[in-house]
Amino acid sequence: MLYMMNDRLIRLACRLIICVLTIGPTGLLATTRPAEGSLKIGWSSTDITPQKPVLIAGQFHARLSESVMDPLYATVLALESGQGGKTTRTILVGCDLIGIPDGMRDASNLRDRVRELVVGKAPELTGTDITLNGSHTHTAPLSSAEDVNDIYGVPLEMISSGKPVMSPKDYMEFAAQRIAEGVVKAWKNRKPGGISFGLSKAVLGHNRLQVDKTGKSLMYGNTSRPEFSHIEGYEDHNLNLIYTWDQAGKLTGVVVNAAVPSQVTESMYQISADYWNETRALLREELGKELYVLPQVSAAGDQSPHLMWETKAEERMQKLMGIGNEGVGRSSLARRRQLARYVTDGVKAILPYMKANIDWNPVLSQKTETVRLSRRLLGEKDLEDARKEIAEWQPKYEKMLAEARANPEMTKKPRWYTNITIANTRFRRGQSVLERYELEKKSAKLGVELKVIRIGDMAIASNPFELYLDYGIQMKVKSPAVQTFIVQLTGAGTYLPTQRSINGGAYGAVPASTLFGPEAGNELVEKTVSMLKELW
Amino acid sequence: MIRIFTLFLTFLSAGAIASNLYVGRSSVDITPKLPVAVTGQFHLRIAKEAETPLTANILVIETREGSVSEDLAVMVSCDVLYIPTDVIKLVRDEVAKRVKGLDISKIVLNATHTHTAPVLREGEYAIPKNGVTQVQEYRKFFAEKIADGISAAWNQREEAGVAWGLSYAVVGYNRRVAYSDGTSGMSSKTDLPEFRNLEGPEDHDINTLFFWNKSGQLIAMVIGVASPSQEVEGRAAVHADYWDAVRKEIHGKYGRQVCVLGWLGAAGDLTPHIRYRQAADDRMRELRKLNRLDELARRIVLAVDESYETVKNDRHNTLPLVHKTERLTLPERLVTERDYLAAKASVEMAKSKIEADPKEADKLYRRMTWEGETLRRYERQQKERQPGYDMELHVIRLGDVAICTNEFELFSDFGIRMQARSKALQTFVVQLAGSPEWGSYLPTEKAVKGGAYSAVIHSCRIGPEGGQVLVDRTVELLDELWK
């Protein structure tokens, strides 16, 4: 009511913005056509769908894929710009995967393997020029160097009942080879082009943490309980968009950055890119068959595409929209199509302004650093909880395993392994807390790779986490850029929760789900912002 | 035109009896005679110009079985900051003079919360006695105009159909900024190292109701937005804020005959002002060559268009309408001795400054009366065992949709609690449907802990405890409508 901005200040700010818009950082008009040494752009899209059944990542229990609903892709955008005798090359890869193994959680490292393969074929590139991110689909293969027995407590042959399958290790190599081919292809494809960036709106993600009147948080749960008090955190309904253009002014691709993981149909036993499948299809239908679409997830550790209230009203809207032939609701294809509609509307809403404001010669610079962040230090209570979890679940797991070994017929039933792998995961989560407690005594910090990129007046800041939204907002408010894209899951992903979420104690904030805590969150924000400032 | 009153996708038909729908609507100009004092800031502002008209938009909804009226709701959306409860009585009394057979207790007035509309409560500001429209004068004008409008809408009732829809637009932003030391600020800075998070959520739902007459012509729409209408809140002018731009755009697209009612959802902690990454948002707006009011209107109308296209064939002309009202006693937030002493010192200081220099009243008088209310509340609470405030509560079932009102600037968490627990397919929460005083915030516990303007004692007659009573009783009453 009271706190208004002074009119004069608003007018001054508007004038400044107009000035920036018109002139840009290089002093050239935004729509000036390419000059020598200006921006080059290359795109590719590579199918990374496994060719045999695989284990699907994303739930406590193992899931052996039973079919492919829709293909998985790695979409690559390669940018190169030479200015002032310095050439910058940066490559963004959006993958329909849950995350990008990077050695943070175990020995699995898809990121470095891709880089190694690419640099072998294109030695002018360095590994850190390449940034991979996962869309966080929960229906893509598990990529891991670990043995399945170590992950799920049951050998892969037993899960698959001896049928031919692709192991997580083999899939990781398959994906690395395919993604590397895609990167090289996009790199070789690069041609002079232009870029524009903009901010649109779409209500896609919702905060999934529900707080009851005692202050305890739950991930999901039921908001119609009388004990429900409020939603724990914030939501971000911004759609950050990059558009690329060829020399003739034709739209070639779009980077879509939204604070929502791709997990509408997250429980399926079918391989799927989730709502990105429908989104790519709709964008291509409405903006051109050859359009490239690169998905990025902004800070969204506490977000999901699931509605927390007014679900009935939304289901009705899905029916009325005529997209619910196979059913509507939380985990339906209708919901995927609805999100696709919202993204497409958001992309189209600002398209005319983007076309009129192409930058053919933006500043391109980047910085990569491995930063040592404070681990979340565990206490006695955490250990006690972990011991309880082990005591409860280890015997259950061992009993179920013994029964399965004694009765091989059991393992012929579809999805027989569900309960045993849940028990194993629960037991191993407890164990991992005890192991981390020991590790923390020797090393209180852990290195993670951070990358920041400047393209004209906008910035991209990436991190390997499922980053709670508050941290993303903190980065954006302190960033020197006009618009800042946060890209999470450029690594293996571990939740990075806020203090209020730890106080609430929901799934994403408990010790077993988190290698890092608020201390690291604050370090991450400060470091990211300082790296961004160096680019300005 | 072909009559297209289809009935499909009926979500809940249990409970109330379906009857034929009749609707009347009207729109009246409530722009004041100038100059006039406008309300919403602590300092006195005298408007010499009306940059847009102010309107009251009126919808009469009735169901009939044969020629017998089954139930009724008269909804009036007003371009004002808030509607003092005694003004509601004035309106009802004027209606009773003009219309026979209308149950005036079924009249619901709500404010869009524009901060550039006339003062409606006496004694708030030190308004010059001459050369400026007096509060008493505007109250009378307001009540008579709206009563005329209700009378016109009542007389125009005709067979109608309705459809409801849900879509999204980013209009309201949470304005409470939480810092590392546990305090919160209202509309304070985010680009500080100690900034941690926005204190609460946002609600980007756009809830809509569309009404057609029997010829199939769209005659009215309700747009529910969880954002107060205060984009140009600091101007010393009369202005309907973003609702003016919304109505213009709706009239351009759907015709001048459409009466547009703006319902303000639970939005005590929300505003249309952007709290972070403003440069990126402003850049997009500048590229569109729009001012901020037109940008907000653009977002809302896009959402309306989307809903309209989706639900326009899901019309209902026979449906249940049940409208219940009750006086709900909410426990008051207690003024502590410390609050009292601090307010007393502040009031006395303001008084002495005004005595020394009467011109100081322009800056200090409203703050003084705001804190003065706290003194009176404290003194009264010392004599009462369980101080309570009687609020007028309306709950309405219209087909599968629920509508519930409250008198406050209700923090969005409370609205979400109501919506989450409601058995209705879709629930419209309407805040500021009559208020006891200026700045009747109803904050959450986390806001009270964080402090800041909208959660301090002077701004809140009711506290978190009363908020929960409001939620529980609203849900209970709504449940009864679905039995």
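Conventions adopted
- Residues numbered from 1 in each chain as written.
- Chains lettered and ligands numbered in written order.
- Predicted model: local features only at pLDDT ≥ 70, side-chain atom pairs only at ≥ 80, totals over all residues.
- Helix = DSSP H or I, 4+ residues; strand = E, 2+ residues; numbered from the N terminus.
- Rg over C-alpha atoms; globule rule 2.2 N^0.38 Å.
- Buried ≥ 20, exposed ≤ 12 C-beta atoms within 10 Å, placed from the backbone.
- Contact = placed C-beta atoms within 7 Å.
- Nonpolar A, V, L, I, M, F, W, Y, C, P; charged D, E, K, R; others polar.
- Pairing = 2+ DSSP bridges.
- Core = buried A, V, L, I, M, F, W, Y, C linked by C-beta atoms within 7 Å.
- pLDDT = per-residue confidence, 0-100.
- Axes fitted to C-alpha atoms, helices over the stretch in contact; angles between N-to-C directions.
- Left-handed = near helix turned anticlockwise from the far one by under 90°.

**Q** So what's going on with the overall build of chain A? Residues and values would help.
**A** From N to C terminus, chain A includes 14 helices and 21 strands. Radius of gyration (C-alpha) of chain A: 23 Å, near the 24 Å computed for a compact globule of 536 residues. With respect to the three principal axes, the spread of C-alpha positions in chain A is 75 × 60 × 55 Å. Among the 536 residues that make up chain A, the fraction classed as buried is 57%. Restricting to contacts in chain A with at least 6 residues of sequence separation, those with at least 24 account for 80%.

**Q** How would you explain the interface of chain A and chain B if you had to name every residue and give the values?
**A** Chain A puts 46 residues into the contact, and the matching count from chain B is 51 residues. The set of elements that each furnish at least two residues to the side of chain A that touches chain B consists of helix 1 (7-23), strand 6 (191-201), strand 10 (228-231), helix 7 (311-320) and helix 12 (469-478) of chain A. Ranked by residues supplied to the side of chain A that touches chain B, first place goes to helix 7 of chain A with seven residues. For the side of chain A that touches chain B, the per-class residue count stands at 24 nonpolar, 11 polar and 11 charged.

**Q** Residues and numbers for the pairing of strand 18 (residues 458-462) of chain A, please.
**A** All names here are of chain A. Here strand 18 lies mainly inside the structure; five of its five residues are buried. With burial as the criterion, each face of strand 18 is covered, one bearing Met458, Ile460 and Ser462 and the other bearing Ala459 and Ala461. Sheet topology note: the strand 17 (residues 445-455)/strand 18 ladder contains five bridges and is antiparallel. Considered in strand 18, the bridge of isoleucine 455 is made with methionine 458.

**Q** Can you explain unusual backbone geometry? Please cite residues and give values.
**A** Of note, the amide linkage connecting B:Leu34 to B:Pro35 takes the cis form, showing an omega dihedral of -10 degrees. Of note in this structure, A:Arg415 is not a glycine but carries a positive phi near 55 degrees. For A:Arg415, the position within the fold is in the loop between helix 10 (380-406) and helix 11 (418-442). With a phi angle near 75 degrees, B:His113 is a residue other than glycine that sits in the positive phi range. Mapped onto the fold, B:His113 is located in the loop between strand 6 (107-111) and strand 7 (117-118). Overall, the presence of 26 C-beta atoms within 10 Å leaves B:His113 in the buried class.

**Q** Which residues make up the nonpolar core, and what values go with them?
**A** A:Val183, B:Val76 and B:Ile300 are the most contacted members of the largest nonpolar core, which has 296 residues in total. Broken down by element, the residue count for this core peaks at 10 residues, all from helix 5 (residues 168-188) of chain A. Ignoring any residue separated from it by four or fewer positions in sequence, one finds B:Val76 in contact with B:Ala56, B:Ile58, B:Ile107, B:Val108, B:Leu109, B:Ile146 and B:Ile150.

**Q** Break down the environment of A:Leu283 for me, citing the residues and quoting the values.
**A** Residues and elements named next belong to chain A. Checked against the element boundaries, leucine 283 lands in helix 6 (residues 275-287). The class of leucine 283 is buried, set by 22 C-beta atoms lying within 10 Å. Along the chain, leucine 283 and arginine 316 lie 33 residues apart, while their C-alpha atoms are 24 Å from each other.

**Q** Tell me about the confidence of the model for chain B, residues and numbers included.
**A** Residues and elements named next belong to chain B. Put simply, chain B has an average pLDDT of 95, and 97% of its residues get 70 or more. In the model, residues 1-14 has pLDDT below 50 throughout and makes 29 contacts with residues more than four positions away in sequence or in other chains. For this predicted complex, the interface confidence comes out at an ipTM of 0.82, alongside a pTM of 0.87.

**Q** Which residues make up the packing of helix 10 of chain A against helix 11 of chain A, and what values go with them?
**A** Taken N-terminus to C-terminus, the directions of helix 10 of chain A and helix 11 of chain A make an angle of 145 degrees; their axes are 7 Å apart at the nearest point. Relative to helix 11 of chain A, the crossing made by helix 10 of chain A is left-handed.

**Q** Describe the environment of B:Phe411, naming the residues involved and giving the relevant values.
**A** As for its position among the elements, B:Phe411 is in the loop between strand 21 (409-410) and helix 8 (412-421). B:Phe411 sits 211 residues away from B:Gly200 along the chain, and the two C-alpha atoms are 8.7 Å apart.

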